[in-house]
Amino acid sequence: MAGISWHYVFKFIITGDAAVGKSSLLIRLTDQRFLANPDPTLGVEFGSKLITIPEENKVVKLQCWDTAGTESFRSITRSYYRGAAGCLLVYDVTSRKSFLNARTWLADVRQHADPHLTCILVGNKVDLCDPEQDAEQSSEHTRTVSASSSKNPKRQVSLEEAELFAKEEGLLFVESSAKSGLNVDQAFEQAARDILEKIHRGA
Ligand code: GDP
């Protein structure tokens, strides 16, 4: 039997406030599932997935670590960040507080992680803002979020504001839904591509 092989292994960490959907994004990535009421005491700690970057003809193994509930204690240690090549900095588009706190999480990442780490800002729960997104999506179809969704009353962080923050801080950016699957695989793939580019440039 042919063994599964990969060209690269990238460690990813997932940070952000409690309840923004970090565990749900990891479950969606690795298990293509969504749990409406996950047990908060059973935070997912780790998941791995093989992804293919077709234009590079490369298979990348993503090893993803979730904070698994420790975020409320801000007890994330240096060892959690050690060796990480990618970081998902997650906020909830319906929670302004979680977006404002993303700055603190970013500072934490910058303090502890490798300076070359690729960081992608992920505005999750976009399905709550745009009912059209509230349906199972094929991961092949990356849909852009319409500008009109920025005006939905549930939305507390506009697409434009988050884009600006990402640009200023040199972060990649995507809005996602762990519920529908929108842009979940793409968030990880986009970051993996960026890491590969850095490897090619010798960064
Ligand atoms: P974590 O504490 O950041 O790991 O957040 P969880 O993954 O435990 O999610 C917190 C709550 O938000 C749970 O009730 C999830 O079902 C819900 N949730 C997570 N992602 C989404 C999403 O994309 N859309 C919606 N509507 N709910 C979500």
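These numbers come from a predicted model, not from an experiment.

### A short note on the site of the ligand
Inspection of the region around the ligand gives 20 residues, with A19, K22, S24, D127 and A178 positioned closest. Between the ligand and the protein, one listed contact pairs a nitrogen atom with a side-chain N or O atom of D127 at 2.7 Å. Looking at the shell around the ligand, the element that brings in the most residues is helix 1 (residues 22-31), giving three residues. Grouping the constituent residues of the shell around the ligand by class yields nine nonpolar, five polar and six charged.

### Some words on a nonpolar patch on the surface
Among the surface-exposed residues, W6, V9 and L50 lie close enough to one another that they form a single nonpolar patch of about 240 Å² accessible area. Its location among the elements puts L50 in strand 2 (residues 46-53). The class of L50 is partly exposed, set by a relative accessible area of 34%.

Parameters at a glance
Residues numbered from 1 in each chain as written. Predicted model: local features only at pLDDT ≥ 70, side-chain atom pairs only at ≥ 80, totals over all residues. Heavy atoms only, no water. Near = heavy atom within 4 Å. Polar contact = N/O pair within 3.5 Å; in protein donor to acceptor, adjacent residues only side chain to side chain. Helix = DSSP H or I, 4+ residues; strand = E, 2+ residues; numbered from the N terminus. Nonpolar A, V, L, I, M, F, W, Y, C, P; charged D, E, K, R; others polar. Patch = residues over 30% accessible without salt bridge, like charges linked within 9 Å, V, L, I, M, F, W, Y side chains within 5 Å. Areas by Shrake-Rupley, 256 points an atom, 1.4 Å probe, with all protein chains shown as cover. Salt bridge = Lys/Arg side-chain N within 4 Å of Asp/Glu carboxyl O. Buried < 20%, exposed > 50% of the residue type's maximum accessible area, 1.4 Å probe, protein only.

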